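Structural features, examined
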Amino acid sequence: DRLWPSILLAIVAVGLWALLGIGIGTLIRNQVAAVLVAVFVTFLVEPLATFILAANDLDAVVKWLPTNASTALTSPGSTFVTYLPWWAGGLVLLGYAAVLAGLGVRLSVRRDIT
């Protein structure tokens, strides 16, 4: 019953994360640095921020972080963090992707003009 919607939402989430990666990759010119920054932020900074903010009763901030927005889009709720509705998580992730991709395109075009 929930299999196909879950698969479709996971595909949407992967696509949005790909746009985020493209945005980061165009903002940071060095490929190794871009990958390291993306991994560092996604797997260390965001989980620590989630833990610290949630421990201080700032769940209203936690649910707006990209990883938590992605989790809201693809997964059921948690007892640790209150997530956004699935559609709002998708919109938040789309917003992050649009901002990073837009900044990346703007800087890329500006760098290419000589």
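Description of the structure in this document. (Residues numbered from 1 in each chain as written. Predicted model: local features only at pLDDT ≥ 70, side-chain atom pairs only at ≥ 80, totals over all residues. Heavy atoms only, no water.)

1. Topic: the overall build of the protein chain
Scanning the protein chain for helices and strands turns up five helices and zero strands. Order of helices (α) and strands (β) in the protein chain, N terminus to C terminus: α-α-α-α-α. Projected onto its principal axes, the C-alpha positions of the protein chain cover 55 × 35 × 20 Å. Buried positions account for 25% of the 114 residues belonging to the protein chain. Counting contacts in the protein chain only where the partners sit at least 6 residues apart, residues at least 24 apart contribute 54% of the total. Element-wise, carbon and sulfur atoms account for 73% of the exposed surface of the protein chain, whose accessible area totals about 7,600 Å². Positive and negative side-chain charges in the protein chain, numbering 6 and 5 respectively, have mean positions lying 16 Å apart. (Helix = DSSP H or I, 4+ residues; strand = E, 2+ residues; numbered from the N terminus. Buried < 20%, exposed > 50% of the residue type's maximum accessible area, 1.4 Å probe, protein only. Contact = heavy atoms within 4.5 Å. Areas by Shrake-Rupley, 256 points an atom, 1.4 Å probe, with all protein chains shown as cover. Lys, Arg positive; Asp, Glu negative; His and termini not counted. Charge placed at Lys NZ, Arg CZ, Asp CG, Glu CD.)

2. A few points about a nonpolar patch on the surface
A cluster of nonpolar side chains, namely Val37, Phe40, Val41, Leu44, Val45, Leu48, Phe51 and Ile52, defines an oily patch on the protein surface of about 690 Å² accessible area. As for its placement among the helices and strands, leucine 48 is situated in helix α2 (residues 31-55). (Patch = residues over 30% accessible without salt bridge, like charges linked within 9 Å, V, L, I, M, F, W, Y side chains within 5 Å. Salt bridge = Lys/Arg side-chain N within 4 Å of Asp/Glu carboxyl O.)

3. Some words on the packing of α2 against helix α4 (residues 66-74)
One way to put it is that α2 packs onto α4 with a least axis distance of 9 Å and a crossing angle of 85 degrees. Considering the angle they form, α2 stands roughly perpendicular to α4. Together, Thr42, Glu46 and Thr50 of α2 and Pro66, Thr67 and Asn68 of α4 make up the contact between the two elements. When grouped by side-chain class, the residues that make up the contact of α2 with α4 number one nonpolar, four polar and one charged. (Axes fitted to C-alpha atoms, helices over the stretch in contact; angles between N-to-C directions. Parallel < 35°, antiparallel > 145°, perpendicular 65-115°, else oblique. Nonpolar A, V, L, I, M, F, W, Y, C, P; charged D, E, K, R; others polar.)

The values reported here are purely geometric and, on their own, carry no functional implication.
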